[in-house]
Amino acid sequence: MNADASARAIDAVVRTRTGTALAANEIERLVADFVAGRIPDYQMSAWLATVACRGLSRAETVALTRAYVTGGETLDFAASGRVVLDKHSTGGVGDTVSLVVVPLVAACGVAVAKMSGRGLGLTGGTIDKLESIRGLRLELDADDVYRMVDQVGMVITGQSAGLTPGDKVTYALRDVTGTVDSLPLIAASIVSKKIAVGAHGVLFDVKTGAGALIPDRDRAVELARLMVEVATGAGLRCRAVLTDMSQPLGYAVGNALEVREALDVLRGREVPGLTDICRTIAELMLRSADPDLTPADAERKVSGILAGGEGYEQFVRWAVAQGAEPAALEEPDGLPTAECRTQVVADRGGYVREVDPRAIGTAAMNVGAGRFVKGGSLDYSAGVVLRHRVGDQVAAGEPLAVIHHRHGVQPPIDLVKDAFQLSESAPPSRPVLLQVI
Ligand code: URA
Ligand code: CA
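Since the structure is predicted, the reported quantities are computational estimates derived from the model, not experimental observations.

**Q** Could you clarify how one ought to interpret the pattern of salt bridges in this entry?
**A** Pairing of side chains with opposite charge becomes possible as their charged atoms draw close. For the structure shown, the criterion picks out 24 salt bridges. Between D144 and R147 there is a salt bridge, and its shortest N-O distance comes to 2.7 Å. With D144 and R147 both in helix 7 (residues 142-152) and three residues apart, the pair spans about one turn of that helix. When its relative accessible area of 10% is taken as the criterion, D144 is described as buried. Its relative accessible area of 39% is what places R147 among the partly exposed residues. Note that R267 and D264 form a salt bridge whose closest N and O atoms lie 3.4 Å from each other. What makes D264 partly exposed here is its relative accessible area of 23%. Through salt bridges with shared partners, a single network forms among R8, D33 and R38.

**Q** Is there a simple way to explain the site of ligand 1 in this structure?
**A** Within the structure, ligand 1 sits among Y171, R174, I186, S189, I190 and K193. In the model, a nitrogen atom of ligand 1 is placed 2.7 Å from a nitrogen or oxygen of the S189 side chain. Separating an oxygen atom of ligand 1 from a side-chain N or O atom of K193 is a distance of 2.5 Å. Here ligand 1 loses 86% of its free accessible area of 240 Å² to cover by the protein chains. Per element, the largest residue contribution to the shell around ligand 1 is four residues, and it comes from helix 9 (residues 183-197). Class assignment for the residues of the shell around ligand 1 results in three nonpolar, one polar and two charged.

**Q** Please clarify how the coordination of the calcium ion (ligand 2) should be interpreted in this entry.
**A** When a metal carries six donors in an octahedron, the ideal angles between them are 90 or 180 degrees, while four donors in a tetrahedron ideally lie at 109.5 degrees. Only G94 (O), T96 (OG1), L249 (O), A252 (O) and E261 (OE) from the protein reach the calcium ion (ligand 2) as donors, at distances of 2.5 to 2.7 Å. Binding-site remark: the calcium ion (ligand 2) is held by donors from one chain whose sequence spacing is G-x1-T-x152-L-x2-A-x8-E. Taken together, the positions of L249 in the loop between strand 5 (237-244) and strand 6 (252-253) and E261 in helix 11 (residues 255-266) put the pair twelve residues apart, joining distant regions of the chain. Note on L249: relative accessible area 2%, which makes it buried.

**Q** Whenever I open this one, the sheet that holds strand 6 confuses me. Can you help?
**A** Across a sheet, strands are paired by hydrogen bonds formed along the backbone, either parallel or antiparallel in direction. Overall, antiparallel pairing links the four strands, which are arranged 6-9-11-7 in an open sheet. In the strand order of this sheet, the two ends are held by strand 6 and strand 7 (340-345), each with one partner. Bridge analysis of strand 6 against strand 9 (residues 383-386) gives two bridges, and the strand direction is antiparallel. Directly across from V253, in strand 9, lies its bridge partner V384. Strands in contact with helix 15 (residues 357-366) are strand 6 and strand 9; relative to strand 9, the strand with the most contacts, it is inclined by about 140°.

**Q** Please explain the domain arrangement of the protein chain as it appears in this structure.
**A** Many descriptions give the size of an interface as the accessible area lost when the pieces come together. Annotation of the protein chain at the domain level lists domain 1 (3-55), domain 2 (78-329) and domain 3 (340-423). Here the C-alpha centroids of domain 2 and domain 3 sit 25 Å apart. Of the roughly 1,900 Å² buried at the junction of domain 2 and domain 3 (both faces included), carbon and sulfur atoms supply 59%. If you sort the residues of domain 2 by the area they bury against domain 3, L122, Q247 and Y251 come out on top, with a joint share of 31%.

**Q** Please clarify how the sheet that holds strand 13 (residues 433-436) should be interpreted in this entry.
**A** Taken in spatial order, the six strands of this open sheet run 3-2-1-4-5-13, and their pairing is mixed. Two strands close off the open sheet at either side, each with one partner strand: strand 3 (154-158) and strand 13. Across the sheet, the mean angle from the axis of one strand to that of its neighbour is 20°, orientation sign disregarded. Pairing geometry for strand 5 and strand 13, over three bridges, is antiparallel. Across the sheet, T243 pairs through a bridge with L433, a residue of strand 13. Sitting on the sheet, helix 7 is in contact with strand 1 (84-89), strand 2 (111-116) and strand 3, with an inclination near 155° to strand 3.

**Q** What's the story with the UniProt feature "domain: Pyrimidine nucleoside phosphorylase C-terminal" (unreviewed entry) in the protein chain in this structure? I'm lost.
**A** Residues given the UniProt feature "domain: Pyrimidine nucleoside phosphorylase C-terminal" (unreviewed entry) here are residues 351-423. Structurally, residues 351-423 is divided into 23% helix and 30% strand, and its ends, taken at the C-alpha atoms, are 5 Å apart.

**Q** When you look at the pairing of strand 11 (residues 399-405) in this model, what are you seeing that I'm missing?
**A** Regular strands have side chains that alternate between both faces of the sheet. In terms of burial, strand 11 is a largely internal element, seven of the seven residues being buried. Across six bridges, the pairing between strand 7 and strand 11 is antiparallel. Note that in strand 11 the partner of V344 across the bridge is A401. In this structure, strand 9 lies alongside strand 11, joined through four bridges in antiparallel fashion. Paired with V384 across the two strands is I403, which belongs to strand 11.

Basis of the calculations
- Residues numbered from 1 in each chain as written.
- Chains lettered and ligands numbered in written order.
- Predicted model: local features only at pLDDT ≥ 70, side-chain atom pairs only at ≥ 80, totals over all residues.
- Heavy atoms only, no water.
- Salt bridge = Lys/Arg side-chain N within 4 Å of Asp/Glu carboxyl O.
- Helix = DSSP H or I, 4+ residues; strand = E, 2+ residues; numbered from the N terminus.
- Buried < 20%, exposed > 50% of the residue type's maximum accessible area, 1.4 Å probe, protein only.
- Near = heavy atom within 4 Å.
- Polar contact = N/O pair within 3.5 Å; in protein donor to acceptor, adjacent residues only side chain to side chain.
- Areas by Shrake-Rupley, 256 points an atom, 1.4 Å probe, with all protein chains shown as cover.
- Nonpolar A, V, L, I, M, F, W, Y, C, P; charged D, E, K, R; others polar.
- Donors = N, O, S within 2.8 Å, 3.2 Å for Na, K, Ca; no water.
- Pairing = 2+ DSSP bridges.
- Contact = heavy atoms within 4.5 Å.
- Axes fitted to C-alpha atoms, helices over the stretch in contact; angles between N-to-C directions.
- Domains from an automatic or database assignment.
- Buried area = accessible area lost by both parts, 1.4 Å probe.
- UniProt positions renumbered as here; feature names shortened; annotations may be inferred.

Below is the structure:
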């Protein structure tokens, strides 16, 4: 610990509390002091808690974002000579979009580099899903990342530990001090990682609704705008979409189940709620890579690739280049499959009015698709496959969902059944895409 650094930290807390903006270099120094261990956890916690209550200005948020990146590893795709994009979701239940969109956009000729995380609570993580593919390597170093982009036009890998040291240490503190839920802190945390990854642009998919990080729609819009502003300020080409997470996305929830669903979409299957949003996001990404592309051109291109199965071929080419056993992607035995399938049937008929994403996410976790403790092991084959989504009509005795699980694991039938609320009349239709920002 260091007396000068402590005095500066106290000053920062008081000024943030009283609404006096900090200069960029003051924020930079505060974060650097914390990363270097010159100030204790409790002083940084006090500042983060003050920010969570009082907020930060745009300029302060940009400064915090840059401060998180300082001193860490950063990638640079200049040598590849092509536009490289990234895509980020704030996370949801059954959110299979990245597994579809990354190969889809790459098959359209625009490179995508994505560093993903593991599941967090109810929200599945892309890395966990991809680990269900035997042999696939998900801890790449910078040279591997550049090589994948050059050779196959895409890469998905876990987060390198050397990226954004400031975010790493403050995120750990936020997690245990109730300060995750703060828009400037979330924006700085997410955008700093996008800057470090070095892509030229990023598409943010901000979820809203019961299963989202930010359930409230107005706050989710505010987060989306803030991330676009901060990332644009850092020189990235950015778009954001606000999407619905008031029910699981698509049908599949669970690691291998979602990989299979993504591969189905890439082979041309229309999965309600999933295929359309993947198209929209892919089209926006193509247009940010090439600003001359019209919406109609982008739509034609994405439709052509989906119809021709080239996104699927791209996925397989990428996975094999990154170490997957070719047989791991072949049906029916490639991906892990569950020992048991238990149907959950409707007690009465009606229209599906709600499918609570938290209940479905919890049910999937209960059978082994998610972790209750950090580092816990997963059953990649486990999860829940919905048979119906909001708006569907069902008859009494008809399956609502199927739980995939191991022998000896109790399927949470009531939890899944209670996630479904039925009504006499058809509810209003619920689009996935709410807004483009
Ligand atoms: N995801 C992040 O990476 N950071 C946050 O602060 C919240 C979600
Ligand atoms: Ca899904």
